[in-house]
Amino acid sequence: MNGAEGLDVSSIRLIGTAVTPAVMVSACGIVATGLDNQIARMTTRMREMLREVRLLPEGHTRREVLRQEVDILDRRHAILARAIALTYTALLSFVVTSLLYLTKRQLDIPEPLPVVAFALGVLLLGAVAVLALASLRLSRLAIQLEREELFGSKRAPPSS
């Protein structure tokens, strides 16, 4: 006799639909932690650059490069702050999805409502990915500024 024969398929499906958003909550937590770490590193780097600017004499060429990099970091920080807010909003959407599925039998919840809540969370995470890519693009600009200062001119990146 197979142990699965006596299981109610609808109960298994309900558990699966309730657990899936819970897994997404964990994923959101991991993403939020990564974004928070990036923001913390950028804050530290910005403080270091501002300290360096204060130590340089007026008119030093490095001051302009640092000003541009601080501007880039500020833009990146704003992008990642939006991304982390969207991540937490997605997390809430997945929590709502789980709650809707878990109370579905006790309350008269329209069938599409949990699906809409879950889809919203997925869309929000997609937006987070787009913002993370925008942040990477800005990070690349900062690296190019450093490279240009070091080598004195724009150089093509080394081929892979």
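Residues numbered from 1 in each chain as written. Predicted model: local features only at pLDDT ≥ 70, side-chain atom pairs only at ≥ 80, totals over all residues. Heavy atoms only, no water.

Asks: Can you lay out the overall build of the protein chain for me, pointing to particular residues and giving the numbers?
Replies: Counting secondary structure elements, the protein chain contains 3 helices and 0 strands. Secondary structure elements of the protein chain, listed N to C terminal, follow the sequence α-α-α. Residues classed as buried in the protein chain amount to 28% of the 160 residues present. Excluding contacts between residues fewer than 6 apart, the proportion of contacts in the protein chain whose partners are at least 24 apart in sequence is 76%. For the protein chain, the exposed surface amounts to about 10,400 Å²; the carbon and sulfur share of it is 65%. (Helix = DSSP H or I, 4+ residues; strand = E, 2+ residues; numbered from the N terminus. Buried < 20%, exposed > 50% of the residue type's maximum accessible area, 1.4 Å probe, protein only. Contact = heavy atoms within 4.5 Å. Areas by Shrake-Rupley, 256 points an atom, 1.4 Å probe, with all protein chains shown as cover.)

Asks: Please give an account of the pattern of salt bridges that cites residues and values.
Replies: Applying the stated rule across the entire model yields 8 salt bridges. The partner of R45 in a salt bridge is E48, with the nearest N and O atoms 3.7 Å apart. Here R45 pairs with E48, and both are found in helix α1 (residues 9-55), just 3 residues apart, close to one helical turn. Using a relative accessible area of 37% as the deciding quantity, one classes E48 as partly exposed. A salt bridge links R63 to E58; the nearest nitrogen and oxygen atoms lie 3.2 Å apart. One salt-bridge network, held together by shared partners, links R45, E48, E52, R62, E146 and E149. (Salt bridge = Lys/Arg side-chain N within 4 Å of Asp/Glu carboxyl O.)

Asks: Break down the nonpolar core for me, citing the residues and quoting the values.
Replies: Residues L35, M49, L66, I72, L80 and A83 are the most contacted members of the largest nonpolar core, which totals 21 residues. Those elements giving two or more residues to this core turn out to be α1, α2 (61-103) and α3 (112-151). Tallying contributions element by element places α2 first for this core, with 9 residues. Excluding its chain neighbours within four sequence positions, the residues that come into contact with M49 are L66, E69, V70 and L73. (Core = buried A, V, L, I, M, F, W, Y, C linked by side-chain atoms within 4.5 Å.)

Asks: Help me get a handle on the packing of α2 against α3, residues and values and all.
Replies: Where α2 meets α3, the axes come as close as 8 Å, and the angle between the chain directions of the two elements is 165°. Here α2 lies roughly antiparallel to α3, going by the angle between them. The two elements α2 and α3 cross, and the hand of that crossing is left-handed. The residue makeup of the contact of α2 with α3, split by class, is 28 nonpolar, 8 polar and 7 charged. (Axes fitted to C-alpha atoms, helices over the stretch in contact; angles between N-to-C directions. Parallel < 35°, antiparallel > 145°, perpendicular 65-115°, else oblique. Left-handed = near helix turned anticlockwise from the far one by under 90°. Nonpolar A, V, L, I, M, F, W, Y, C, P; charged D, E, K, R; others polar.)

Asks: Tell me what's going on with the environment of A81, and back it up with residues and numbers.
Replies: Relative to the helices and strands, A81 is located in helix α2. Linking A81 and D36, residues 45 residues apart in sequence, is a C-alpha distance of 8.6 Å.

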